[in-house]
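Spelled out from the first residue to the last, the chains are:
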Amino acid sequence: MSSEEPIYVTQPFLPPLEEFIPYLEKIWSSRVLTNNGPFHRELEQAQCRYLGIEHISLFSNGTMALVTALQALRITGEVITTPYSFVATSHALLWNGIKPVFVDIEPNSFNLDPSLIEAAITPQTTAILPVHCYGRPCNTDAIQRIADNYNLKVIYDASHAFGVSDDGGSILRHGDLSVLSFHATKVFNTFEGGAIVCSDARTKSRIDHLKNFGYVDELTVVAPGINGKMSEFNAALGLLQLKYIDRVLAERQRIDRAYRVQLDDIPGIRFFPVPEVRIGNHAYFPILVGPEYPLSRDELNDRLKQHNIHARRYFYPLISEFPMYRGLPSACQENLPKASEIASRVLCLPIYPALDEQEQDRISRLIRSFMQKVSFGPSQYP
Ligand code: T4K
């Protein structure tokens, strides 16, 4: 094992602690800890301004927001979704008693392939749940066309997509609802947190009731709601994080660009083209390890670990391979050839604002050095 300091796939950005103290002092003096307090209300307004969206409802985490989004639109039956995501995407369906129907992904965006959606629609289908994977936008126009033709709702799992804009503005405006995660590992974090974005006040009101046990006022409960509320501590951190988010995005862009230069000519190492978006967020830096590279993806991952570099195989295994999904007809590998292939080759390299040039250079040089050493024979592995 290497003596160098560990480098993980991500490290949360935190503002200077002394800037957080005044927020804590306010909480201590007001004793408002949760239940739509002043920081919560302020963060909702500030995020609408920053993201250029109409309405947002804050949540305790992204998974609770996904579960509630499905409830808010009364989704039932079957929902078409991607197997190439974090398990929370499909788990939210199971928690609502909905059957996930997996459809394969596009090899270039790693997002749900719209050309395959129609064939998966049945009389039980009520919605599509795509993911803007790694913060790269889905083909929203094509997905919306299908949804309109078949009268389906669209809920985007936009957990990776905070701050991403296409030519028309925030990508969170697409579909009926978009769900965000503000988990520690995300581009924008509130320790834990999440949100649902919607475009009309009535839907926001329903979502807000659902996340507060269904309460409308002290004596009125209109739905079997849940407790999905964000606390004042999380909201306060969110307000402070918003002051730094542009710097965070710029640092991520710096690292993304440097990897592209450093890894450019390594045979068998492929990465995404620069995103065709107005503003990207560089949430992840996935590479695909192909047969021209002398190590398999898992060997490369292990070798990096020996050097205390902890990349991650997001998203391997596919959701469809976990035991609670494996039995579904749509989960079989033959139905998901592209997702299966990509999941077997993908490796997400470390990317976060505090990753400095030397550390990043070390990662890229190691990936290059494994290639050269292997070509001289396994005995010379580092
Ligand atoms: N939909 C999608 C598409 C998602 O990706 C996610 C979450 C969700 C829905 C659900 O949203 P939330 O309910 O979580 O808000 C992580 C995260 O736990 C998960 O939030 C995230 N996706 C997923 C992609 O990644 P793990 O199991 O890989 O996390 P963990 O704890 O191994 O963290 C990865 C690395 O980050 C660690 O090696 C070190 C670093 N780290 C992590 C934490 C938690 C820190 O430095 N500090 C920390 O506090 O799942």
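Above this note sits the structure.
Remember, predicted model here, so these are calculated numbers, not experimental data. Positions within a chain are numbered from 1, following the residues in the order the chain's sequence is written. Confidence filtering applies because this is a predicted model: local features only for residues at pLDDT of at least 70, side-chain atom pairs given and counted only at 80 or more, and all residues used for totals across whole chains, interfaces and linings. Remark: hydrogens and water are excluded; side-chain values derive from all non-hydrogen atoms of the structure.

A. The pattern of salt bridges, seen in detail. Salt bridges are identified by distance alone: a Lys or Arg side-chain nitrogen within 4 Å of an Asp or Glu carboxyl oxygen. Applying the stated criterion across every chain yields a total of 14 salt bridges. Close ionic contact of Asp-265 with Arg-368 constitutes a salt bridge, the shortest N to O distance being 2.8 Å. Of this pair, Asp-265 sits in the loop between helix 7 (232–262) and strand 13 (269–271) while Arg-368 sits in helix 11 (residues 357–376), and the two are 103 residues apart along the sequence. One connected set of salt bridges, linked through shared partners, spans Glu-44, Lys-204, Asp-208 and Lys-211. Numbering of helices and strands runs from the N terminus; a helix is a DSSP stretch of H or I covering at least four residues, while a strand is a stretch of E covering at least two.

B. Summary view of the packing of helix 3 (residues 62–72) against helix 4 (residues 88–95). As a rule, the C-alpha atoms of each element are fitted with a line to give its axis, helices using only the stretch in contact, and angles between N-to-C directions run from 0 to 180 degrees. Where helix 3 meets helix 4, the axes come as close as 9 Å, and the angle between the chain directions of the two elements is 45 degrees. Viewed along their axes, helix 3 and helix 4 adopt a mutual orientation that is oblique. Helix-helix and strand crossings are classified by hand; for helix 3 and helix 4 the assignment is right-handed. The segment helix 3 lies against helix 4, with Thr-63, Leu-66, Val-67 and Leu-70 engaging Ala-88, Thr-89, Ala-92, Leu-93 and Trp-95. Residues are grouped as follows: nonpolar covers Ala, Val, Leu, Ile, Met, Phe, Trp, Tyr, Cys and Pro; charged covers Asp, Glu, Lys and Arg; every other residue, Gly included, is treated as polar. Looking at the contact of helix 3 with helix 4 residue by residue, the class counts come to seven nonpolar, two polar and no charged. Put simply, angles under 35 degrees are roughly parallel, angles over 145 are roughly antiparallel, angles from 65 to 115 are roughly perpendicular, and the rest are oblique. Left-handed describes a crossing whose near helix is turned anticlockwise from the far helix by less than a right angle; the clockwise case is right-handed. Every residue pair with non-hydrogen atoms within 4.5 Å of one another is taken to be in contact.

C. Here's a closer look at the side chain of Asn-96. Tracing the backbone through its elements, the reader meets Asn-96 in the loop between helix 4 and strand 4 (99–102). For Asn-96, a relative accessible area of 17% puts it in the buried group. Polar contacts, as counted here, are pairs of nitrogen or oxygen atoms within 3.5 Å of one another; within protein the pair requires one atom able to donate a hydrogen and one able to accept it, and residues that are adjacent in sequence qualify only if both atoms are side-chain atoms. A polar atom in the side chain of Asn-96 sits 3.2 Å from the backbone oxygen of Val-67. Each residue touching Asn-96, except ones within four places of it in the same chain, is listed here: Val-67, Leu-70 and Gln-71. Each residue is assigned to one of three classes by its accessible area relative to the maximum for its type, calculated with a 1.4 Å probe on protein chains only: buried under 20%, partly exposed between the two thresholds, exposed over 50%.

D. The side chain of Asn-189, seen in detail. Of note, Asn-189 is situated in the loop between strand 9 (177–181) and strand 10 (194–198). Its relative accessible area of 3% is what places Asn-189 among the buried residues. Apart from residues no more than four positions distant in its own chain, Asn-189 is found in contact with Pro-12, Phe-13, Phe-182, His-183, Ala-184, Leu-237 and Gln-241.

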